[in-house]
Amino acid sequence: MTDAPFHDTGYKALFSLPELVQQLIEGFVTPDIAQLLDFSTLELVAGSFVTPAMQSREEDVVWRVKMADTTLYLYLLLEFQSTPDAAMPVRMVQYVAALYDSLIKEKRVDPRRLPPVLPVVLYNGERRWRVATDIGEVIACPPVLRPYQPRLRYYLLDEGAYGDHELAGVRNVVAGIFALENAQSKEEALAVVGRISEALRGMPGRERIDRVLTQWVKRYLQRVHPGAMMGVEESLETGEGTMLATNVQKWAEALLREGVQQGLQQGMHRGQHEGKVWALRQLLRVRFPDADLTPYQSRLDAATDAELEHLLTKAATAATLDAVFATE
């Protein structure tokens, strides 16, 4: 589990991009809500909101967006703890109330006709979220008092609850970010980076998004899978080297070197060559878990070191197993 400050800062940068906010809502929030929103009107709300307990929520992100004849405020709360917070229903009531209070004080809304708020909790802890999503569920009282109790439900996005195939089926950058958080190995992480790069192609404002994504992916891999970043840190700092797609190949080459070392450490008879075969097989299993490698067995057995290096690089970004082995 990575530490909260790193993720709060990194995720705030990611979800300060309107394109990624749109993908988050379209890919992971009920379609009944997404289809009502005019995403071309997304506007980031500046400022921080302070709860009655004077706890600043500067790391959270608030957006507003047109919804039919009104404006929806999207409160995106970034929750990165190792365990779910049992007090979240109470906290969310505080945060939404603080948002309304700020909007009223700044004369952005009429207190007699408040706009709707969609509170979203984005959580990536190791344990699954089992906390109530509505404060009304945790208030113990007799039925006669129920009408007088507060009610507020937040929309939970528990990243770890999504399976690999489910995330692979949502072909957008945000699904790739979730999948990278869930990656268990360097090979799997590299494969997901390739998917993120593919999803990024053709997006409007690609270069701006690419810069933010590359820095986030770089920092994530450095902290969680440092071996996948061997020898590429410097190239990520300047010029075209900051682009995510450019660095997929560098990360593949770094993974290859690590695969060779692991092959040697495991005492394989043919040393470096066998290490390259091992690294390629690992990557192919992660990228194409349902594919049959049997038709390509003879190709793998006969491949030279140079051919294996080329295949590993292709395996990081190819859309299909056939594309990896296609002759050029």
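Remember, it's a predicted structure, so these values are computed and weren't measured experimentally.

### Quick notes on the nonpolar core
Point 1. In terms of nonpolar packing, the biggest core is built from 49 residues, with Tyr11, Phe15, Leu20, Ile177, Phe178 and Leu180 touching the most fellow members.
Point 2. Sorting elements by how many residues they give to this core places helix H6 (residues 173-182) first, with 7 residues.
Point 3. Not counting residues up to four positions away in its chain, the partners in contact with Phe15 are Leu20, Val21, Leu24, Val61, Trp63, Leu76, Leu122 and Val174.

### Examining the confidence of the model for the chain
Point 1. Mean pLDDT for the chain: 81, with 78% of residues reaching 70 or above.
Point 2. Low pLDDT (under 50) marks residues 230-242, which in the prediction has 28 contacts with non-local residues, meaning those over four places away or in another chain.

### Digging into the packing of aromatic side chains
Point 1. Within the structure shown, the criterion is met by 9 aromatic pairs.
Point 2. Ring geometry for Tyr11 against Trp216: centres 5.7 Å apart, planes inclined by 70°, an arrangement best described as edge-to-face. Pair noted here: Tyr11 is in helix H1 (residues 4-14) and Trp216 is in helix H8 (residues 206-224), with a separation of 205 residues, a long-range link.
Point 3. Judged by relative accessible area, Tyr11 falls into the buried class, the value being 0%.
Point 4. Look at Tyr296 and Phe325: their rings are 4.2 Å apart centre to centre, the planes differ by 10°, and that puts the pair in the stacked class. In this pair, Tyr296 sits in the loop between helix H10 (272-287) and helix H11 (297-302) while Phe325 sits in helix H13 (residues 321-325), placing the two residues 29 residues apart along the sequence. Just as Tyr296 is buried, Phe325 falls in that class too.

### Describing unusual backbone geometry
Point 1. Its identity is not glycine, yet Ala68 carries a phi of approximately 55°, on the positive side.
Point 2. Its place among the elements puts Ala68 in the loop between strand S2 (61-67) and strand S3 (70-79).
Point 3. Not every positive phi belongs to a glycine, and Lys107 is a case in point at roughly 60°.
Point 4. We classify Lys107 as exposed; its relative accessible area is 75%.

### Let's talk about a nonpolar patch on the surface
Point 1. On the surface, a nonpolar cluster with roughly 360 Å² of combined accessible area is contributed by Val144, Leu145 and Tyr148.
Point 2. Note on placement: Tyr148 falls in the loop between strand S4 (117-123) and strand S5 (155-158).
Point 3. In this structure Tyr148 comes out as exposed when scored by relative accessible area, which is 66%.

About the cut-offs
- Residues numbered from 1 in each chain as written.
- Predicted model: local features only at pLDDT ≥ 70, side-chain atom pairs only at ≥ 80, totals over all residues.
- Heavy atoms only, no water.
- Core = buried A, V, L, I, M, F, W, Y, C linked by side-chain atoms within 4.5 Å.
- Buried < 20%, exposed > 50% of the residue type's maximum accessible area, 1.4 Å probe, protein only.
- Helix = DSSP H or I, 4+ residues; strand = E, 2+ residues; numbered from the N terminus.
- Contact = heavy atoms within 4.5 Å.
- pLDDT = per-residue confidence, 0-100.
- Phe/Tyr/Trp six-rings, centres within 6.5 Å; stacked < 30°, edge-to-face > 60°.
- Patch = residues over 30% accessible without salt bridge, like charges linked within 9 Å, V, L, I, M, F, W, Y side chains within 5 Å.
- Areas by Shrake-Rupley, 256 points an atom, 1.4 Å probe, with all protein chains shown as cover.
- Salt bridge = Lys/Arg side-chain N within 4 Å of Asp/Glu carboxyl O.

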